[in-house]
Amino acid sequence: MIRFDRVVKKFDGGSVAVDNLSFEAQRGEITVLVGPSGCGKTTSLRMINRMIDPTSGQILLDEQPVGQIAPAQLRRGIGYVIQHAGLFPHRTVLDNVATVPRLAGWSKAKARTRAHEVLELVGLPGDYAVRYPSQLSGGQQQRVGVARALAADPSVMLMDEPFSAVDPIVREQLQDEFLRLQRELGKTIVFVTHDIDEAIKLGDKVAVLEVGGRLAQLAEPAYLLAHPINDFVSDFIGRDRGYRALAFQDAPDFPLRPEPTVELGTTPAQARLATSDGWLLVVTDGRPQGWIEPQRITVPIESAMLHRGGTVARNHGPLRAALDAALSAPSRRGVVVDDDGRLLGTVRADEVLRAIDAAERPAIDPADIAPAESP
Amino acid sequence: MSFVSANWGDIVHRALLHAWLAGLPLFLGLLISLPVGWLAQRSRVLRPFLVVGSGLLYTIPSLALFILMPLIIGTKILDPLNVIIAMTIYTIALLVRSVSDALAAVPADVRQAATAMGYTPARRFLAVDLPLAVPVLAAGLRVAAVSNVSIVSVASLVGISQLGFYLTDGYERTYGTEIGVGIVACVVLALIFDLTIVLLARVLTPWQRVNAA
Amino acid sequence: MITQVWQWLTSASSWEGSAGIGHRLLQHLEYSAITVLIASALAIPLGLWIGHTGRGRWMVTAANSLRAVPSLGLLFAVALWLGPKLHGNSAYVVPSIVVLVVLAIPPLLAGAYAGVAGVDPAARDAAHGMGMTEGQVLLQVEVPCALPLMLSGVRSATLQVIATATIASAVSLGGLGRFLIDGLALGEYNVMAGGAIVVALLALGVDTVLAALQAAVVSPGLSGGTSRFRGRRTRTDRGQPTASENEPGVVGVVAKG
Ligand SMILES: Nc1ncnc2c1ncn2[C@@H]1O[C@H](COP(=O)(O)OP(=O)(O)OP(=O)(O)O)[C@@H](O)[C@H]1O
Ligand SMILES: [Mg+2]
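Where an unreviewed UniProt entry is consulted, chain C appears under the name ABC transporter permease, with the organism given as Leekyejoonella antrihumi.

For chain A, the name recorded in an unreviewed UniProt entry is ABC-type quaternary amine transporter, with Leekyejoonella antrihumi as its organism. As recorded by UniProt, the Sequence similarities (unreviewed entry) comment attached to chain A reads in full: "Belongs to the ABC transporter superfamily."

As structure tokens, then:
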């Protein structure tokens, strides 16, 4: 556990980067620090591994003040991933990753074996190991950065905008892999980002910081979306928060309707017989492939003819996915599948809305609506 | 001081000779380096040959090159042309690289925008690439200028008249003051060259001053 | 004329003895090596320190402005000033070595400094962040990353020393410059030109050897010698020094005599 206890950081110019910051990052959880540029996120993070020392207050790592631990020793026990990965250009990917174990005194062979393992873990198979950083894409470099921080198996990881230098698709991919990895590893992670969507997606807890380094709110993502504590937080979270909050609410048992389906290769005549209205769902092995308009086809159904705009929702998955499935299907019937991706039935938007109406919202913490304390 | 006042006319004369021997090659070298550097920047195949080749020229020690010039171009050993050509070679050796780096530093989007506006390649080079390359080019020229002024003085060992004369003559006569005067004169000349290039570059790149303000 | 030069270069008598090409060549190499070693021992640690701490950058600027001082003048001035204070051989060897060392320092200092100062700040930050001590950051990250520019500095300095050592024969130093200076005094153009050719070849040869050495010790990750994957290079190679910066004159210091 990491505990900030009334931490203040003033820089030489007199600017206050972090102001009286107190919060806890729980063991085994991802705590995200989020806020506008210059609000002191990086400064806060770097005080944890003593890259910066606080002006006053202290930070405790498992109840021991970090100020009492020698910086080099402290840092070797904490994985640190920085924005541009900061890979060593003169070392191969493998040796980059093996650096921390080597610093910890492991033998070269053992460090390299370990490096191979972590590289595998972050999805970079063997032939990447011999490359140099300049031979990697931005996304691959980020992975190496994460692997390097993981190599000595630290229980605490600090990550400073590790996915910011890549395009949105790769970022999403890295985020998903990161979450999968964390489910496996269960590290205590402090994660910095200025992207609220990333914060909400990754955080077990999200700490929103205001410019000037004050903590505005620390809460679980669903709670944050439901009950932003003030205008700053609600503005920062942005629009669509009602809709985005649905991502944290699981759908109930919908009254799923059976949906007639056909397979690829079905003739126009057969297809027209199978449907009652304008749209027909095409499946392969029970897995939805796309929609088709039987009235418009003249030849047997081919893959290229399918309308693929509709999303599918997992049964009992987030309400947001269910609503989106219903809204995005050309037939307005949202496709619901089981965990293997096989069709279970369809659900209509009004049925999802009814479920939303019935769902419980996160209860507001009485402390959050108490009148402001008088000084 | 008495040495300076007694020889003032002579010093000025030699300084002018020195400036000529160092300055003309600077101009010639720039003139030749522009197309060569442009070629090096344009062609991936030619680049290593041109850049490494000109770099190799630079490794030849100056005294050796002065002495070898007659063998190559058939002049007499005392002909100032030897120095002019040798110095031009050194200038090219330094500037080819500068020119190609300077041109490479012109942002690709600026270049594409110019092409899209309808500049022909030649006009674009003169109107867009070259002006934008001036700062890097000027840096290369400054290095070449200061180096030229220093190297030219070596030519006094093979009897070619310029400020280096005070160095050799002062040594032969064990007259430290004269050597000091020679050194100071060379440094002053180098500074004048340097300053001139800085000022020229500033005049040629008014947009840089706006940024600095 | 060319045939006479060729005759002199190829006749056995010009190569033999203590005034022969062989001995002069070794002498020239010896002076140059000693000079570069002394200058490196002084300038490289200093340059690394300036680059690592960011303190004392004025020293690099100051050393750089030494370029404006003509090496010939420095040589004569120091010879005239130090020579009479020394005895025997050292009266002409020491002043020359001192000047050569002084002239070799600017490129060495600038190379080591620029190399370390140019290390990707993110890599340096990561090194600190993973718990390296200052010494480890310097030796494991900064020095290897600085090698390309540092060695360019060594190459510039070496060329400078070989060239100036030639001129130093004018203040009685041995080495190949003797052929040029003595040939001039005696009006023997074939000796001068032959000596000049040997000096030029020596400079080319030494520079080639150093270039090969540089290619061998610089990590392929820095030198861009990784053409197999060139298509994959990305925007992240921010200002890393590459092999193409190895030619003389890049470090901002061109030294030549
Ligand atoms: N070394 C420093 N000296 C002086 N001021 C600093 C220093 N480092 C940071 N600051 C200031 O402290 C404040 C917080 O900086 P910090 O880097 O922690 O912001 P951040 O939240 O990480 O921003 P970003 O999202 O842009 O990375 C800023 O106003 C910054 O200018
Ligand atoms: Mg930051």
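Participant: Sorry, what's going on with the pairing of strand β10 (residues 214-219) of chain A here?
Facilitator: Along a regular strand, successive side chains alternate from one face of the sheet to the other. Across five bridges, strand β9 (residues 205-210) of chain A lies against β10(A) in antiparallel orientation. Bridge assignment links A:Ala207 to a residue of β10(A), and that residue is A:Leu218.

Participant: Is there a simple way to think about the interface of chain C and chain A in this case?
Facilitator: By a widely used convention, the size of an interface equals the accessible area lost when the partners come together. With 29 residues of chain C in contact, the opposing surface of chain A contributes 30 residues. Linking chain C with chain A are one salt bridge, by the criterion used here. For C:Asp125, the salt bridge goes to A:Arg46, with nearest N and O atoms at 2.6 Å. The interface formed by chain C and chain A holds seven residue pairs in polar contact (both at pLDDT 80 or more) in total. Sorting elements by how many residues they give to the side of chain C that touches chain A places helix α7 (residues 121-129) of chain C first, with seven residues. Partitioning the side of chain C that touches chain A into residue classes produces 12 nonpolar, 12 polar and five charged.

Participant: I'm lost on the site of ligand 1 in this one. Help?
Facilitator: All names here are of chain A. Taken together, Phe11, Ala17, Ser37, Gly38, Cys39, Gly40, Lys41, Thr42, Thr43 and Glu161 are the residues near ligand 1. Measuring from an oxygen atom of ligand 1, one finds a backbone N or O atom of cysteine 39 at 3.2 Å. Threonine 43 places a side-chain nitrogen or oxygen 2.5 Å from an oxygen atom of ligand 1. When ligand 1 is considered free in solution it has 640 Å² of accessible area, and contact with the protein chains removes 57% of it. Sort the elements by how many residues they give to the shell around ligand 1 and helix α1 (residues 41-48) lands first, with three residues. In terms of residue class, the shell around ligand 1 is built from three nonpolar, five polar and two charged.

Participant: Looking at this structure, how should I read the pattern of salt bridges?
Facilitator: Should the charged atoms of two oppositely charged side chains come close, the side chains can pair. All names here are of chain B. On inspection of all chains with the given rule, the structure shows 33 salt bridges over all chains. A salt bridge links arginine 97 to aspartate 101; its shortest N-O distance comes to 3.5 Å. Residue arginine 97 and its partner aspartate 101 are both found in helix α5 (residues 80-104); the two are separated by four residues, about one turn of the helix. With relative accessibility at 8%, the residue arginine 97 sits in the buried group.

Participant: I keep staring at the UniProt feature "domain: ABC transmembrane type-1" (unreviewed entry) in chain C and nothing clicks. Help me out?
Facilitator: The feature "domain: ABC transmembrane type-1" (unreviewed entry), as given by UniProt, occupies residues 25-210 of chain C in the numbering adopted here. For residues 25-210 of chain C, helix accounts for 82% and strand for 0%, while the C-alpha atoms at its two ends are 18 Å apart.

Participant: How do you make sense of a nonpolar patch on the surface when you look at a structure like this?
Facilitator: Residues and elements named next belong to chain B. On the surface, Trp8, Val12 and Leu16 cluster together into a nonpolar patch covering about 320 Å² of accessible area. Locating leucine 16 in the fold gives a position in helix α2 (residues 8-42). Of the residues examined, leucine 16 reaches a relative accessible area of 58% and is grouped as exposed.

Participant: Where do I start with helix α4 (residues 62-73) of chain B in this structure?
Facilitator: The periodicity of an α-helix, 3.6 residues per turn, causes residues three or four places apart in sequence to face the same way. Between its first and last C-alpha atoms α4(B) spans 16 Å; for 12 residues at 1.5 Å apiece the expected length is 16 Å, and the two agree. Taken across its 12 residues, α4(B) has 10 buried, putting it largely inside the fold. What α4(B) keeps buried is the set B:Ser62, B:Leu63, B:Ala64, B:Leu65, B:Phe66, B:Ile67, B:Leu68, B:Met69, B:Pro70 and B:Leu71. At its buried positions, α4(B) is contacted by α5 and α7 (121-154) of chain B together with α1 (2-10), α8 (134-167), α9 (177-186) and α10 (189-217) of chain C. At the C-terminal side of α4(B), B:Gly74 shows a positive phi close to 75 degrees.

Participant: Quick question: what am I supposed to make of the domain arrangement of chain A here?
Facilitator: Residues and elements named next belong to chain A. One can read the domain layout of chain A as domain 1 (2-248) and domain 2 (261-360). In this structure, domain 1 and domain 2 have C-alpha centres spaced 40 Å apart. Between domain 1 and domain 2, the contact holds four residues from the first and six residues from the second. The contact between domain 1 and domain 2 buries some 520 Å² in all, and 67% of this surface belongs to carbon and sulfur atoms. Considering only the surface of domain 1 that becomes buried against domain 2, Tyr243, Leu246 and Ala247 emerge as the three largest contributors, covering 91% of it. Counting the contacts that link domain 1 with domain 2 gives zero salt bridges.

Participant: In this structure, what is going on with the sheet that holds strand β1 (residues 2-10) of chain A? I would like to understand it.
Facilitator: All names here are of chain A. Spatial ordering of the open sheet is given by β2-β1-β4-β5, a layout of four strands whose pairing is antiparallel. A single partner strand is all that each edge strand has here, and the edge strands are β2 (16-25) and β5 (64-65). Relative to β2, β1 runs antiparallel, the two sharing six bridges. Each residue of the ladder has a partner; that of lysine 10, found in β2, is valine 16. Against the sheet, α1 engages β1, β2 and β4 (56-61), with an angle of about 120 degrees to β1.

Participant: Would you explain the confidence of the model for chain C in this entry?
Facilitator: Detailed reading of the predicted coordinates is not advisable wherever pLDDT falls low. Residues and elements named next belong to chain C. On average, chain C scores 84 in pLDDT, and the residues at 70 or more come to 87%. Across chain C, the secondary-structure element scoring lowest on mean pLDDT is helix α11 (residues 220-223), at 84, and the one scoring highest is helix α3 (residues 21-53), at 95. For the stretch residues 225-255, pLDDT sits under 50, and the model shows 79 contacts to residues farther than four places along the chain or on other chains. Here the predicted complex carries an ipTM of 0.86, next to a pTM of 0.79.

Participant: Looking at this model, I keep getting lost on the environment of B:Ser62. Mind explaining?
Facilitator: Looking at the element boundaries, B:Ser62 is found in helix α4. Along the primary structure B:Ser62 and B:Val152 are separated by 90 residues, whereas in three dimensions their C-alpha atoms are 8.7 Å apart.

Participant: Please explain the sheet that holds strand β8 (residues 188-193) of chain A as it appears in this structure.
Facilitator: Within a sheet, adjacent strands bond to each other through the backbone by hydrogen bonds, running parallel or antiparallel. All names here are of chain A. Overall, mixed pairing links the six strands, which are arranged β6-β7-β8-β3-β9-β10 in an open sheet. Of all strands in the sheet, those bounded by a partner on one side alone are β6 (78-81) and β10. Between one strand axis and the next, the sheet turns through 15 degrees on average, direction left out of account. The pairing of strand β7 (residues 156-160) with β8 spans five bridges and is parallel. The partner of methionine 157 across the bridge, within β8, is isoleucine 189.

Participant: Sorry if this is basic, but what is going on with the interface of chain B and chain C here?
Facilitator: Across the boundary between the two partners, chain B contributes 41 residues, which contact 45 residues of chain C. Both faces considered, chain B and chain C share a buried interface measuring about 3,600 Å² in area, 78% of it formed by carbon and sulfur atoms. Inspection of the chain B/chain C interface yields zero salt bridges. In this assembly, chain B and chain C are joined by two residue pairs in polar contact (both at pLDDT 80 or more). Only α3 (46-59), α4, α5, α7, α8 (164-172) and α9 (176-204) of chain B provide two or more residues apiece to the side of chain B that touches chain C. Taken together, the residues of the side of chain B that touches chain C sort by class into 29 nonpolar, 10 polar and two charged.

Participant: In this structure, what is going on with the UniProt feature "domain: CBS" (unreviewed entry) in chain A? I would like to understand it.
Facilitator: UniProt records the feature "domain: CBS" (unreviewed entry) for residues 305-363 of chain A in the present numbering. Here residues 305-363 of chain A is 34% helix and 24% strand, with 47 Å between the C-alpha atoms at its ends.

Participant: Got a minute to help me understand the confidence of the model for chain A in this structure?
Facilitator: Mean pLDDT over chain A: 88, with 98% of residues reaching 70 or higher. Between the elements of chain A, mean pLDDT differs from a low of 75, seen in helix α14 (residues 366-369) of chain A, to a high of 96, seen in strand β3 (residues 30-34) of chain A.

Participant: Can you walk me through the UniProt feature "domain: ABC transporter" (unreviewed entry) in chain A in this structure?
Facilitator: Those residues carrying the UniProt feature "domain: ABC transporter" (unreviewed entry) are residues 2-237 of chain A in this numbering. Secondary structure within residues 2-237 of chain A divides into 38% helix and 25% strand; the distance between the first and last C-alpha atoms comes to 25 Å.

Participant: Got a minute to help me understand helix α12 (residues 319-328) of chain A in this structure?
Facilitator: Residues and elements named next belong to chain A. Along α12, the residues that are buried comprise Leu319, Ala322, Leu323, Ala325 and Ala326. Buried residues along α12 cover an arc of 155 degrees about the axis, so they all sit on one side. Among the structural elements, α10 (241-245), β14 (312-314), β15 (333-337), β16 (343-348) and α13 (349-358) are those in contact with the buried residues of α12.

How each quantity is defined
- Residues numbered from 1 in each chain as written.
- Chains lettered and ligands numbered in written order.
- Predicted model: local features only at pLDDT ≥ 70, side-chain atom pairs only at ≥ 80, totals over all residues.
- Heavy atoms only, no water.
- UniProt positions renumbered as here; feature names shortened; annotations may be inferred.
- Pairing = 2+ DSSP bridges.
- Helix = DSSP H or I, 4+ residues; strand = E, 2+ residues; numbered from the N terminus.
- Contact = heavy atoms within 4.5 Å.
- Salt bridge = Lys/Arg side-chain N within 4 Å of Asp/Glu carboxyl O.
- Polar contact = N/O pair within 3.5 Å; in protein donor to acceptor, adjacent residues only side chain to side chain.
- Nonpolar A, V, L, I, M, F, W, Y, C, P; charged D, E, K, R; others polar.
- Near = heavy atom within 4 Å.
- Areas by Shrake-Rupley, 256 points an atom, 1.4 Å probe, with all protein chains shown as cover.
- Buried < 20%, exposed > 50% of the residue type's maximum accessible area, 1.4 Å probe, protein only.
- Patch = residues over 30% accessible without salt bridge, like charges linked within 9 Å, V, L, I, M, F, W, Y side chains within 5 Å.
- Expected span 1.5 Å × (residues − 1).
- Domains from an automatic or database assignment.
- Buried area = accessible area lost by both parts, 1.4 Å probe.
- Axes fitted to C-alpha atoms, helices over the stretch in contact; angles between N-to-C directions.
- pLDDT = per-residue confidence, 0-100.
- Arc of directions from axis to C-beta.

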